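# Report on the structure
Chain by chain, the residues run as shown.
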Amino acid sequence: MRFVLVHGSWHDGSCWDGVAAHLRDAGHEVHAPTLPGNGADAKRDVTLDETCAAVTDLLVAADLRDVVLVGHSFGGLVVQKVALAVPDRLRRLVFHNAYVVEHGRSLFDHVPPSAAAAFGELAAPDGTLSLPFAFFRDALTNDADLATALAAFARMTPEPLARAAEPVDLIGFAELAVPRSYLHAVDDNVFPATEFSWHPGQSQRLGAFRLVQMPGGHEVLFTDPAGLATKLVEAGRD
Amino acid sequence: MRFVLVHGSWHDGSCWDGVAAHLRDAGHEVHAPTLPGNGADAKRDVTLDETCAAVTDLLVAADLRDVVLVGHSFGGLVVQKVALAVPDRLRRLVFHNAYVVEHGRSLFDHVPPSAAAAFGELAAPDGTLSLPFAFFRDALTNDADLATALAAFARMTPEPLARAAEPVDLIGFAELAVPRSYLHAVDDNVFPATEFSWHPGQSQRLGAFRLVQMPGGHEVLFTDPAGLATKLVEAGRD
Amino acid sequence: MRFVLVHGSWHDGSCWDGVAAHLRDAGHEVHAPTLPGNGADAKRDVTLDETCAAVTDLLVAADLRDVVLVGHSFGGLVVQKVALAVPDRLRRLVFHNAYVVEHGRSLFDHVPPSAAAAFGELAAPDGTLSLPFAFFRDALTNDADLATALAAFARMTPEPLARAAEPVDLIGFAELAVPRSYLHAVDDNVFPATEFSWHPGQSQRLGAFRLVQMPGGHEVLFTDPAGLATKLVEAGRD
């Protein structure tokens with residue numbers, strides 16, 4: 001299979017390295033771009049359109065077809081927009097503990113109001129947010145030992161918040177013929193309340209979809225890259 | 001143990017063959033009738049009463065006692081009615097990713113309104129519904145590879161819808177002394193929203209019950225017959 | 001690590017024996033007091049304050065510091081009160097399928113009204129409740145065979161109900177700096193409805209917390225003591 005892996009907030013493309021190695025060992029092709037606004041030394045002043053266009057441009061420039069397009073966390077919104085731009089290049093969308101946004105809403109409309117408020121209060125003057133380690137350790141890497149959590153945290157970079165507050169034009173997404181999967185790591189506890197859970201909170205906005213579940217928290221790409229690679233294949237196959 | 005296994009919509013008794021073989025190897029007795037209206041070449045014009053009476057008649061004709069009566073999916077409603085007819089023949093009811101219907105309601109009252117509407121629109125002129133493969137593959141056999149999904153799909157036959165729209169007399173079901181178990185395959189994604197989930201959406205209408213959980217989707221009888229047999233014993237024991 | 005394990009209703013400190021043995025084998029220190037009002041031959045006429053003070057007194061008298069304080073079921077409310085009394089002695093709170101009570105509410109305010117009513121009706125003249133075995137077997141030991149369920153049930157003693165009906169002063173609990181974990185045995189079916197579930201029903205009242213999940217029902221301390229010991233370490237580490 002041909003995978004394009006889209007990372008989430010605070011992450012960059014290299015965060016997929018472990019997963020990509022397992023996928024390549026199993027014979028798959030993997031692309032894992034770093035989104036505009038992310039990664040060390042990036043310009044943080046980016047729009048959602050610029051962010052999504054970078055993935056679309058990658059698919060077009062490399063003439064990638066039959067793509068299994070995977071979005072993790074914030075990356076879910078990105079793959080929604082890319083799917084609208086180049087549906088014919090896609091074999092399937094895979095949302096991995098990822099946001100699924102409704103037309104006309106912003107990503108922040110789909111998180112608990114208390115969390116959206118806290119993100120705003122913790123933001124730096126340049127509009128970026130750096131996660132406190134205590135939150136990252138317990139909410140995102142709850143399934144890991146401390147050394148793994150620290151190593152993962154060291155990979156995080158400041159996240160520009162503005163694009164998560166933009167209302168998004170997603171007209172036509174519900175009607176797209178591209179099939180969808182939701183890969184749910186079931187110990188993820190970023191937002192405990194059912195209404196804001198990844199599954200079924202976010203996932204049920206997909207309409208019909210294939211559910212694939214695995215143990216682990218929000219950062220299984222660090223804490224269980226082999227397991228995640230296996231489940232990405234189950235999510236993306238046929 | 002003495003198991004009577006009641007299949008769901010689109011299935012017939014032979015769909016239990018794999019599970020039944022594992023149960024018999026472990027020393028259990030298994031009956032797996034095909035319901036009226038189901039199976040190849042069946043008359044599709046059947047009522048819910050005719051459907052349930054066939055199971056009751058089997059228990060009476062063969063003088064079966066101390067029965068663990070299992071209902072899968074639509075079969076949940078059937079075992080509710082059979083329990084009201086012959087409670088003294090039953091050791092325990094086991095609902096496996098099955099409907100639990102309230103008195104005076106129909107099965108379709110307990111599915112999402114959008115799903116009930118879609119079933120109606122997809123129905124053939126003779127009032128039966130054949131599931132589209134794309135839905136079967138992703139919603140019911142999400143845990144399987146394509147070959148397994150195709151083999152399972154080839155076993156499906158058209159389902160008469162009328163009996164799922166009949167309001168059902170279930171007076172006395174809540175008060176029956178027969179103990180109940182709910183066997184929940186946790187990756188089942190037929191109806192994602194919690195309200196319409198198998199557990200706790202359907203299960204909580206049982207009152208007190210024993211919960212037994214296992215990995216897998218709606219069709220574990222095909223995708224993991226050995227695992228399902230083991231869990232049926234846990235659900236039915238003492 | 002230094003564990004103080006607080007049992008739930010109907011239990012006593014010896015119910016942790018299996019878990020404590022595994023923890024000690026792994027090099028940890030374990031204290032497992034029996035609460036006032038519990039255990040064979042106890043005076044059942046106790047208040048919640050007396051109950052919680054016994055744990056606080058243990059920590060002070062033995063000068064225990066850096067404690068991982070674990071509460072199971074009813075013990076969740078106890079560790080909330082102990083945390084308010086001696087926060088500086090605690091490294092982390094671990095709630096294991098445990099109640100988390102809001103300030104000014106009672107524990108019974110956080111169970112389904114039908115259950116609270118049933119508890120009251122089943123109570124003995126002395127205000128204690130002994131669980132019927134049928135309920136214990138199916139709702140609390142659903143993951144066990146009959147012999148294990150019977151052996152566990154033989155350990156139960158009558159529970160004084162009054163302290164579960166007391167509104168509790170928990171001012172300041174939300175603001176305590178002590179980090180929290182919720183250890184969730186996912187097959188626990190004491191209260192099936194999501195609103196009254198252990199996780200996320202009870203757990204989400206903790207604010208930020210580390211979620212640790214494992215298979216098993218409400219009595220994993222009997223049905224899987226080795227597994228529970230492993231997960232207590234994951235819940236309590238760093």
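What you see is a predicted model, and the numbers here were worked out from it, not measured in a lab.

About the thresholds
Residues numbered from 1 in each chain as written. Chains lettered and ligands numbered in written order. Predicted model: local features only at pLDDT ≥ 70, side-chain atom pairs only at ≥ 80, totals over all residues. Heavy atoms only, no water. Helix = DSSP H or I, 4+ residues; strand = E, 2+ residues; numbered from the N terminus. Rg over C-alpha atoms; globule rule 2.2 N^0.38 Å. Buried < 20%, exposed > 50% of the residue type's maximum accessible area, 1.4 Å probe, protein only. Contact = heavy atoms within 4.5 Å. Areas by Shrake-Rupley, 256 points an atom, 1.4 Å probe, with all protein chains shown as cover. Disulfide = S-S within 2.5 Å. UniProt positions renumbered as here; feature names shortened; annotations may be inferred. Pairing = 2+ DSSP bridges. Axes fitted to C-alpha atoms, helices over the stretch in contact; angles between N-to-C directions. Least-squares fit on C-alpha atoms with pLDDT ≥ 70 in both. Polar contact = N/O pair within 3.5 Å; in protein donor to acceptor, adjacent residues only side chain to side chain. Buried area = accessible area lost by both parts, 1.4 Å probe. Salt bridge = Lys/Arg side-chain N within 4 Å of Asp/Glu carboxyl O. pLDDT = per-residue confidence, 0-100. Parallel < 35°, antiparallel > 145°, perpendicular 65-115°, else oblique. Left-handed = near helix turned anticlockwise from the far one by under 90°. Nonpolar A, V, L, I, M, F, W, Y, C, P; charged D, E, K, R; others polar. Patch = residues over 30% accessible without salt bridge, like charges linked within 9 Å, V, L, I, M, F, W, Y side chains within 5 Å. Lys, Arg positive; Asp, Glu negative; His and termini not counted. Charge placed at Lys NZ, Arg CZ, Asp CG, Glu CD.

### Concerning the overall build of chain A
- Helix and strand counts for chain A come out as nine helices and eight strands.
- The C-alpha atoms of chain A give a radius of gyration of 16 Å, which matches the 18 Å a tight globule of 238 residues would have.
- Expressed along its principal axes, the backbone C-alpha trace of chain A runs to roughly 40 × 35 × 35 Å.
- Burial analysis of chain A (238 residues in total) assigns 58% to the buried set.
- Relative to all contacts within chain A whose residues are 6 or more apart in sequence, the contacts with residues 24 or more apart total 76%.
- Taken as a whole, chain A presents about 8,600 Å² of accessible surface, with 56% of it coming from carbon and sulfur.

### Digging into the state of the cysteines
- Going through the model one piece at a time under the given rule, you end up with zero disulfides over all chains.
- Cys15(B) provides the cysteine sulfur closest to Cys52(B), a residue in no disulfide bond, and the two sulfurs are 18 Å apart.

### Re the UniProt feature "domain: AB hydrolase-1" (unreviewed entry) in chain A
- Following the UniProt record, one finds the feature "domain: AB hydrolase-1" (unreviewed entry) at residues 3–229 of chain A.
- Counted over residues 3–229 of chain A, helix gives 33% and strand 15%. Its end C-alpha atoms are 11 Å apart.

### Some details on the sheet that holds strand 3 (residues 67–72) of chain C
Residues and elements named next belong to chain C.
- Read across the open sheet, the six strands follow the order 2-1-3-4-7-8; overall the sheet is parallel. On the outer flanks of this sheet lie strand 2 (29–31) and strand 8 (210–214), each paired with one strand and no other. Here the strands of the sheet are splayed against their neighbours by 20 degrees on average, with no regard to which way each runs.
- Bridge count between strand 3 and strand 4 (residues 90–96): six bridges; the pairing is parallel. By the bridge assignment, Val70 is partnered in strand 4 with Val94.
- Helix 3 (residues 75–85) rests against strand 1 (2–6), strand 3 and strand 4 of the sheet, and its axis sits at about 145 degrees to strand 3.

### Observations concerning the relation of the copies chain B and chain A
- Of the transformation superimposing chain B on chain A, the axial component is 0.0 Å and the angular component is 120 degrees, with the fit at an RMSD of 0.0 Å. The superposition operator between the copies reduces to a three-fold rotation axis. Across chain B, the smallest distance between a C-alpha and the rotation axis is recorded for Thr194(B), namely 4.8 Å.
- When you check the interface residues of chain B against chain A, a mere 8% turn up at the interface there too, and the two sides of the contact use different surfaces.

### Brief notes about the side chain of His28(C)
All names here are of chain C.
- Among the structural elements, His28 can be located in the loop between helix 1 (17–25) and strand 2.
- Its relative accessible area of 15% is what places His28 among the buried residues.
- Of note is the side chain of His28, whose polar atom sits 2.8 Å from the backbone nitrogen of Met1.
- Those residues within four positions of His28 in sequence are excluded, and the remaining contacts are Met1, Phe3, Leu23 and Val233.

### Let's talk about the interface of chain C and chain B
- With 13 residues of chain C at the contact, the number on the chain B side is twelve residues.
- Summed over both sides, the interface of chain C with chain B buries roughly 1,100 Å², with 43% coming from carbon and sulfur.
- Counting across the chain C and chain B interface gives three salt bridges.
- Across the pair Arg210(B) and Asp138(C) runs a salt bridge whose closest N-O atoms are separated by 2.8 Å.
- Inspection of the region where chain C meets chain B yields eight residue pairs in polar contact (both at pLDDT 80 or more).

### Some words on the environment of Asp143(A)
- Along the chain, Asp143(A) turns up in the loop between helix 5 (133–140) and helix 6 (146–153).
- Placed 73 residues apart in sequence, Asp143(A) and Gly216(A) show a C-alpha to C-alpha distance of 5.9 Å.
- The residues touching Asp143(A), leaving out its near neighbours within four places in the chain, are Gly216(A), Gly217(A), Val220(A), Thr223(A) and Arg237(C).
- At a separation of 3.1 Å, a polar atom in the side chain of Asp143(A) contacts the main-chain amide nitrogen of Gly217(A).
- Among the polar contacts listed, one links the side chain of Asp143(A) to the side chain of Thr223(A), at a separation of 2.8 Å.

### A few points about the confidence of the model for chain A
- Looking at chain A as a whole, its pLDDT mean stands at 97, while 100% of the residues score no less than 70.
- Interface confidence for the predicted complex, expressed as ipTM, amounts to 0.95; the pTM equals 0.97.

### Some words on the packing of helix 1 (residues 17–25) of chain B against helix 9 (residues 225–236) of chain B
All names here are of chain B.
- Close contact between helix 1 and helix 9 brings their axes to 8 Å; oriented N to C, the two are set at 55 degrees. If you check the angle between helix 1 and helix 9, you find them oblique. When the axes of helix 1 and helix 9 are compared, the crossing they make is right-handed. Packed against helix 1, whose contacting residues are Gly18, Val19, His22 and Leu23, the element helix 9 presents Pro225, Ala226, Leu228, Ala229, Leu232 and Val233 at the interface.
- Its residues placed into classes, the contact of helix 1 with helix 9 shows eight nonpolar, two polar and no charged.

### Regarding the interface of chain B and chain A
- The interface of chain B with chain A comprises 13 residues on the first partner and twelve residues on the second.
- Regarding the contact of chain B and chain A, the summed buried area is about 1,100 Å², with carbon and sulfur atoms giving 43% of it.
- Connecting chain B to chain A are three salt bridges.
- Our enumeration of links across chain B and chain A arrives at eight residue pairs in polar contact (both at pLDDT 80 or more).

### Overview of a negative patch on the surface
All names here are of chain A.
- A surface patch of like charges, here negative, comprises Asp45, Asp49, Glu50 and Asp169.
- Assignment of secondary structure puts Asp45 in the loop between strand 2 (29–31) and helix 2 (48–61).
- When its relative accessible area of 62% is taken as the criterion, Asp45 is described as exposed.

### Considering unusual backbone geometry
Residue and element names in this part refer to chain A.
- A cis amide bond links His199 to the next residue, Pro200, at an omega of 5 degrees.
- Of note in this structure, Asn97 is not a glycine but carries a positive phi near 40 degrees.
- Note on Asn97: relative accessible area 0%, which makes it buried.

### As for helix 3 (residues 75–85) of chain B
All names here are of chain B.
- For helix 3, the buried fraction is high: nine of the eleven residues fall into the buried class.
- All of the buried residues along helix 3 are Gly75, Gly76, Leu77, Val78, Val79, Gln80, Lys81, Val82 and Ala83.
- Next to the buried residues of helix 3 lie strand 1 (2–6), helix 2 (48–61), strand 3 (67–72) and strand 4 (90–96).

### Describing the relation of the copies chain C and chain B
- Of the transformation superimposing chain C on chain B, the axial component is 0.0 Å and the angular component is 120 degrees, with the fit at an RMSD of 0.0 Å.
- Looking at the interface residues of chain C, only 8% of them are also at the interface in chain B, so each copy uses its own face.

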